[in-house]
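In case you want the letters, here they are:
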Number of protein chains: 2
Amino acid sequence: MSDQLEITLDRSSPVPLYHQVASALEQAIRDGTLPPETKLENEIDLAKRFNLSRPTMRQAMDQLVRDGLVVRRRGVGTQVVGAPVRRNLRLSSLYDDLQTEGAVQRTEVLSLERVPASADVAERLQLRVGEEVQHVVRLRSVDERPLALMENWVPPHVAEFSRETLAAGGLYNLLRTAGVDFRMAHQRVGADVADARQAKLLGVETGDPLVTMDRTALDSGGRAVECGHHLYRADRYSFDTTLVN
Amino acid sequence: MSDQLEITLDRSSPVPLYHQVASALEQAIRDGTLPPETKLENEIDLAKRFNLSRPTMRQAMDQLVRDGLVVRRRGVGTQVVGAPVRRNLRLSSLYDDLQTEGAVQRTEVLSLERVPASADVAERLQLRVGEEVQHVVRLRSVDERPLALMENWVPPHVAEFSRETLAAGGLYNLLRTAGVDFRMAHQRVGADVADARQAKLLGVETGDPLVTMDRTALDSGGRAVECGHHLYRADRYSFDTTLVN
DNA sequence: ATTGTCACTTTGTCATGACATTCGCAGGTT
DNA sequence: AACCTGCGAATGTCATGACAAAGTGACAAT
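These numbers come from a predicted model, not from an experiment. (Residues numbered from 1 in each chain as written. Chains lettered and ligands numbered in written order. Predicted model: local features only at pLDDT ≥ 70, side-chain atom pairs only at ≥ 80, totals over all residues. Heavy atoms only, no water.)

With respect to the sheet that holds strand β5 (residues 145-154) of chain A
As a reminder, the rule being used: Here the rule is simple: two strands pair whenever DSSP picks up at least two bridges between them. Every helix listed is a DSSP run of H or I at least four residues long, and every strand listed is a run of E at least two residues long, numbered separately from the N terminus. Simply put, an axis is a line fit to the C-alpha atoms, just over the touching stretch for a helix, and the angle between two N-to-C directions goes from 0 to 180 degrees.
Taking strand neighbours across the sheet as the criterion, the seven strands line up as β3(A)-β4(A)-β5(A)-β8(A)-β7(A)-β6(A)-β9(B) in an open arrangement whose pairing is antiparallel. Unpaired on one side and paired on the other, β3 (105-116) of chain A together with β9 (239-244) of chain B mark the two borders of the sheet. Strand-to-strand twist of the sheet, defined as the mean angle between neighbouring strand axes without regard to direction, takes the value 20 degrees. Taken together, the 11 bridges between strand β6 (residues 182-193) of chain A and strand β7 (residues 209-219) of chain A define a ladder with antiparallel strand orientation.

Now the structure itself:
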């Protein structure tokens, strides 16, 4: 019921107050300071406690709700969810995801060339069929074990890159430093089985299951700047999501 | 740039204003009234036009951003995204998803029994291992072609059901009428290959790829009320998501 | 014992006002 | 011609205030 949370807010920081509060609460929930089923104080009192207005407090709670950490009920209050929460999918690309988990990863560029856009790629990137695009195939390994076979297409007017820069920083980082700022991605997850070539590269047997992911990334102008078709070893990767009403 | 949108708001309706506006705009975008790349009016003027306050207008825009329909840039404005947008994943269960698309579907209950909870199920439903749960296996077909093999577990204290009610309305509808109100679900999507039994039921060959989905649904109290392990034919089903910064 | 009513609490919705931050552009300076 | 500066425009953040709707529990009436 009551919580002796110690949250210090920095009003001069460029990071918004609602985000500071939400992050602090998220951490408190994840590290057990606020155990599952805990009933939080009401919004008004919480806002008062942190010297915030209620809209700001609500904005923080909204974020927690969207991330699947708490549940709100009108007339009742806000509770920490009962089931353990997995970390959610983000628009950060696999590279960041793994890096933050402290794993040692390596990316090998298998191929980098300019090709005419296929009908599928042209449609996803809003180009004309046959227009030239950069095509890169990479193999990503974690702890020296292959994990993902990634195929991506980028229009030349978005950015140009080389094998070296690609292997070093990950595609998204590279594009970001080239001035592209991602805002959004549409993503489709499915399944397939490995053919002989894919199996050899990924270190599995032909016919083993693979998770497929097709992603189209959009920049802040709403234009498609990159699309990709990725294959993951099904025994070592899956996609988590939280759905909220 | 300018838009001659005809949106009529019903201030006496129980559905919130921001939702009315967001739905109207979403439809305008999907049906082409607001084509891709269109620059919307600024928030202030839009709010004025609909006789709304700016926070309410912003709340509507927020929803469009989360659904991946528009992109906002500070100092610039709001644009409809350039790439075609697929409809997003919702907490509605497959039954509703397909029903709204007008397909003819049939659900066959293959098995319905009470079993002791396995370690995995117990953890997902926050029960003790060995505690009794209802276990149901269903085969869902669309247009007489099998699509999904679904295995679900529900604690007895949540709801009781029979083969008839299950086949009729879908699991989520059934639980809803039993007084359960879903708020949230955690979901993991992966891949596997069909074994002989699964292949026979789904009408594919042994070794064909399947999309796997493990979902745990929570009610408004944040307690787990249902979990499931589903298998979908990879050639006929996949999961779409929109990721937003 | 059941039902209905009422008060209270808490979240949901909406309005108004203010200032900060960022982007794009025009115009002037070097 | 290139660079810098300042201005306007648009979204981002935050505060205050108010009422609505829904759940909970106590109490009274049937």
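That shown, we press on.
A short note on helix α3 (residues 54-66) of chain B
Basically, it comes down to this: Expected helix span is given by 1.5 Å per residue-to-residue step, counting one fewer step than there are residues. For every residue, the accessible area obtained with a 1.4 Å probe (protein chains only) is divided by the maximum for its type, and the residue is called buried under 20%, exposed over 50%, and partly exposed between those limits. By the convention used here, residues are in contact when the closest approach between their heavy atoms is within 4.5 Å.
The first and last C-alpha atoms of α3 of chain B sit 18 Å apart over 13 residues, in line with the 18 Å expected at 1.5 Å per residue. Among all positions of α3 of chain B, only M57, A60, M61, Q63, L64 and V65 of chain B are buried. Next to the buried residues of α3 of chain B lie β6 of chain A together with α1 (17-30), α2 (43-49), β1 (70-73), β2 (77-80) and β9 of chain B. Downstream of α3 of chain B by one or two residues, G68 of chain B has phi in the positive range, about 80 degrees.

Topic: the side chain of Q134 of chain B
Residue and element names in this part refer to chain B. Heads up, the condition is: Identification of polar contacts relies on pairs of N or O atoms within 3.5 Å, with a donor-acceptor requirement for protein atoms, meaning one able to donate a hydrogen and the other able to accept it, and with residues adjacent in sequence counted only if both atoms are side-chain atoms.
Here Q134 lies in strand β4 (residues 132-142). Accessibility expressed as a relative area gives 4% for Q134, which makes it buried. Reaching out from Q134, the side chain makes a polar contact with the backbone oxygen of A159 at a distance of 2.4 Å. In this structure, Q134 is in contact with E113, R114, N152, W153, V154, P155, P156, A159, E160 and F161, ignoring residues within four places of it in sequence.

Details of the protein's contact with DNA strand C
Formally: If a single non-hydrogen atom of a residue is within 4 Å of a molecule or strand, that residue counts as near it. Each residue is assigned to one of three groups, with Ala, Val, Leu, Ile, Met, Phe, Trp, Tyr, Cys and Pro labelled nonpolar, Asp, Glu, Lys and Arg labelled charged, and all others, Gly among them, labelled polar.
Near DNA strand C, the surroundings consist of 25 residues, among which R58 of chain A together with R11, L17, S53 and P55 of chain B are the closest. With respect to DNA strand C, the side chain of R11 of chain B contributes an N or O atom lying 2.6 Å from a phosphate oxygen. The side chain of R74 of chain B places a nitrogen or oxygen atom 2.9 Å from a sugar or linking oxygen of DNA strand C. Elements with a minimum of two residues in the surface near DNA strand C: α3 (54-66), β1 (70-73) and β2 (77-80) of chain A together with α1 and α3 of chain B. With three residues, the single largest contributor to the surface near DNA strand C is α3 of chain B. Residues belonging to the surface near DNA strand C are distributed by class as follows: seven nonpolar, eight polar and 10 charged.

Here's the deal with the domain arrangement of chain A
Filter applied, for reference: Where each domain starts and ends comes from a domain assignment, either automatic or drawn from a database.
Examined at the domain level, chain A breaks down into domain 1 (17-80) and domain 2 (93-233). The straight-line distance from the C-alpha centre of domain 1 of chain A to that of domain 2 of chain A is 37 Å.

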